[in-house]
Amino acid sequence: MRVKISRKAHFNAAHRLYRPDWSFEKNDVVFGKCNNPKFHGHNYDLIVSVTGEIDPETGYVMDMKLLKDLIKSEVEDALDHKNLNLDVPEFKNLNPTAENIAVIIWKKLRPHIVEENKLEVVLYETPRNFVTYSG
């Protein structure tokens, strides 16, 4: 019997979407106001889900306290109140789109989740715009 457990989290971060190898005009056409050279911010909502078998001893798929602590140490501490372009090494050469942020979060969490369990990350950049990544 496989069950999905989920934990919701939140962080705030600034970023700029652009490619340094493109002209400002091309960046502006492709990324619009997200190309602001002075950056802009989002209040990101995150849902991390783990799917697996229920442990017959504990009744857990995964201890929610452990999941909460992992999200805090691996995601919130790394991204909250940061400029993703300037402060987060993973985005030194990677455009911090919602898609790329979700993949980076997944990569940060995956080593801490038992291999047989599925990991899924849903990242809301706005209440209406979100991405899902599950490896």
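Anything mentioned here points back to the structure above.
Predicted model only: the values in this text are computed from it and were never measured. (Residues numbered from 1 in each chain as written. Predicted model: local features only at pLDDT ≥ 70, side-chain atom pairs only at ≥ 80, totals over all residues. Heavy atoms only, no water.)

**Concerning the environment of A14**
One can find A14 in strand β1 (residues 2-15). Classification of A14 by relative accessible area gives partly exposed; the value is 22%. Between the C-alpha atoms of A14 and W106, which are 92 residues apart in sequence, the distance is 19 Å. In this structure, A14 is in contact with F39, H40, G41, K82, N83, L84 and N85, ignoring residues within four places of it in sequence. (Helix = DSSP H or I, 4+ residues; strand = E, 2+ residues; numbered from the N terminus. Buried < 20%, exposed > 50% of the residue type's maximum accessible area, 1.4 Å probe, protein only. Contact = heavy atoms within 4.5 Å.)

**With respect to helix α2 (residues 64-79)**
Given 3.6 residues to a turn, an α-helix orients residues that are three or four positions apart in the same direction. For α2, built from 16 residues, the straight-helix expectation of 22 Å at 1.5 Å per residue is met to within 8% by its first-to-last C-alpha distance of 21 Å. The sharpest bend along α2 comes to roughly 35°, located at K72. Every buried residue of α2 is listed here: L67, L70, I71, V75 and L79. Contact partners of the buried residues in α2: β1, β2 (40-53), β3 (82-83), α3 (84-87) and α4 (98-109). Its side-chain oxygen 2.8 Å from the backbone nitrogen of K65, D63 forms the N-cap of α2. Remark: H81 follows α2 within two positions and exhibits a positive phi of approximately 60°. (Expected span 1.5 Å × (residues − 1). Bend = angle between axes of the 7 residues up to and from the residue. Polar contact = N/O pair within 3.5 Å; in protein donor to acceptor, adjacent residues only side chain to side chain.)

**Remarks on the sheet that holds strand β4 (residues 118-124)**
Strand order in the open sheet formed by five strands is β3-β1-β2-β4-β5, with mixed pairing between adjacent strands. Sheet topology places β3 and β5 (130-133) at the edges, where each strand pairs with a single neighbour. Here β4 pairs with β5 via four bridges, running antiparallel. Bridged to V122 within β5 is T132. Those strands touched by α2 are β1, β2 and β3, and its axis lies near 20° from that of β1. (Pairing = 2+ DSSP bridges. Axes fitted to C-alpha atoms, helices over the stretch in contact; angles between N-to-C directions.)

**Remarks on the packing of α2 against α4**
The interhelical angle for the contact between α2 and α4, taken along N-to-C directions, is 140°, at an axis separation of 10 Å. Compared by their axis directions, α2 and α4 come out oblique. The interaxial crossing formed by α2 with α4 has right-handed handedness. From α2, L70, I71, E74, V75, A78 and L79 reach across to α4, where they touch I101, I105, K108 and L109. For the contact of α2 with α4, the per-class residue count stands at eight nonpolar, no polar and two charged. (Parallel < 35°, antiparallel > 145°, perpendicular 65-115°, else oblique. Left-handed = near helix turned anticlockwise from the far one by under 90°. Nonpolar A, V, L, I, M, F, W, Y, C, P; charged D, E, K, R; others polar.)

**Focus on the nonpolar core**
Counting 30 residues, the largest nonpolar core has F11, L46, I101, I105 and L123 as its most contacted members. Sorting the residues of this core by element identifies β1, β2, α2, α4 and β4 as the ones contributing at least two each. No other element matches α4, which puts seven residues into this core. With residues near it in sequence (within four places) discarded, L46 still touches R7, K8, A9, I71, V75, I105, V121, V122 and L123. (Core = buried A, V, L, I, M, F, W, Y, C linked by side-chain atoms within 4.5 Å.)

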